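Each chain, letter by letter, is given below.
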Amino acid sequence: MSHKSPKDFFAPLAVGAPAPLREIPARPSRAIHFFDPSNPKMAAKVPAMVGTVDVLLGNLEDAVKADNKIAAREGLIEIAKNTDFDKTQLWTRINSLDSPWVLDDLLSLVTEIGDKLDVVMVPKVQGPEDIHYVDRILAQLEAKGGVQKPILIHAILETARGVANVEEIAMASPRMQGISLGPADLAADRKMKTTRVGGGHPGYLVRQDPVDGDIQGERTVFQQDLWHYTIAKMVDACAEAGIYPYYGPFGDITDVVAAEDQFRNAFLLGCVGTWSLHPKQIEIANRVFSPSVEDIKHARRVVAAMGDGTGAVMLDGKMEDDASLKQCLVLVDLAEELAAIDPKLKELYDTIEVD
């Protein structure tokens, strides 16, 4: 196994490329809204969506048919050149690294719109070698195109091998921005017996014990979350690396209740955002991945009561100590980051009075 000196980790991988970031900025990314740049109707709506969603992502991969790949790439370049994205981030999902289109994706996008592009999402990442490959190419193209800031990398976990290597993937480059769960491809790769894109399954359950030994009697059933283990493992890897974990797609656009449940599970486990496949999912994601007024009020009360952060206090009959304070500061910091980009949230959070 080859080794690299830690002091070289933050050196640019090409002469003339921008210096890698030492810390990934905590930019709000509650919803990553996917659009197909080869679809003129969809592309025409993009400028009006700026400011309504944290991330707009031009998708070049699986949802785009083979004979539309070039049109999607060219459409994204056109949109990027003609749109002022302001505080909304522009991401793209390139084609998979084993495809015939990916090299042209990177060559065109980085040299033509590199300064507009915040993040490149890489599908079906198997291990750190995939990140190293993209890392080096991005540096070479940034140098060639005179790009001023490093383009970041986001990996999708869509294979069993990717999940097994998730810690190494998260640590593979200072460009790593985050990781998303890709439940559909992952389910197929693992040979899981579900055809749903995210969410639970009625067959994956626990059942209440028999009452008085009556196994035929009424017994409550609780549907379980197929993705709990993978999301938790991904969250740990991201937290260790100082990058951001995301839930991915929820395929049933019509079931807004189950989508909200899945998003909230991911939020509670530590994810910072999710994908949006339809505008109606943006509203759900923005709501779920923003702490509630009640949560922020409680968190601010704990912070105020804890003083210098040592010892313990009683609030509403519950003990709060330094560990509680750390949990509350996570919410308070997130609220401040979101309020800086979302005027409605700022107004909401500013009205909170701590008694």
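Residues numbered from 1 in each chain as written. Predicted model: local features only at pLDDT ≥ 70, side-chain atom pairs only at ≥ 80, totals over all residues. Heavy atoms only, no water.

Engineer: Quick one: what's the story with the overall build of the protein, residue by residue and with numbers?
Structural biologist: Helix and strand content of the protein: 13 helices and twelve strands. By the compact-globule yardstick of 20 Å for 355 residues, the protein fits well, its C-alpha radius of gyration being 22 Å. Its C-alpha atoms give the protein principal-axis dimensions of about 70 × 55 × 50 Å. Counting the 355 residues in the protein, one finds 47% classified as buried. In the protein, of all internal contacts separated by at least 6 residues, the share reaching a separation of at least 24 is 72%. As presented, the protein carries roughly 17800 Å² of accessible surface, and 54% of it is formed by carbon and sulfur atoms. (Helix = DSSP H or I, 4+ residues; strand = E, 2+ residues; numbered from the N terminus. Rg over C-alpha atoms; globule rule 2.2 N^0.38 Å. Buried < 20%, exposed > 50% of the residue type's maximum accessible area, 1.4 Å probe, protein only. Contact = heavy atoms within 4.5 Å. Areas by Shrake-Rupley, 256 points an atom, 1.4 Å probe, with all protein chains shown as cover.)

Engineer: Pulling in residues and values, what's your account of the state of the cysteines?
Structural biologist: The final tally for this structure, using the stated rule, is zero disulfides. No disulfide involves C271; its sulfur sits 7.9 Å from the nearest other cysteine sulfur, which is in C238. (Disulfide = S-S within 2.5 Å.)

Engineer: Go over a nonpolar patch on the surface, please, and point to the residues and values.
Structural biologist: Judged by side-chain polarity, L103, L107 and Y133 come together as a nonpolar surface patch covering roughly 250 Å² of accessible area. Here L107 lies in helix α3 (residues 102–113). (Patch = residues over 30% accessible without salt bridge, like charges linked within 9 Å, V, L, I, M, F, W, Y side chains within 5 Å. Salt bridge = Lys/Arg side-chain N within 4 Å of Asp/Glu carboxyl O.)

Engineer: Give a detailed account of the packing of aromatic side chains, specifying residues and quantitative values.
Structural biologist: This model, assessed by the stated rule, comprises six aromatic pairs. With a centroid separation of 6.1 Å and 80° between ring planes, the pair formed by W91 and Y246 is classed as edge-to-face. Placement of W91 in strand β3 (residues 89–93) and of Y246 in strand β9 (residues 244–246) is noted, with a sequence separation of 155 residues between them. As far as the burial class goes, W91 and Y246 line up, both buried. Counting every residue linked through ring pairs, the aromatic cluster contains Y247, F263, F267 and F289. (Phe/Tyr/Trp six-rings, centres within 6.5 Å; stacked < 30°, edge-to-face > 60°.)

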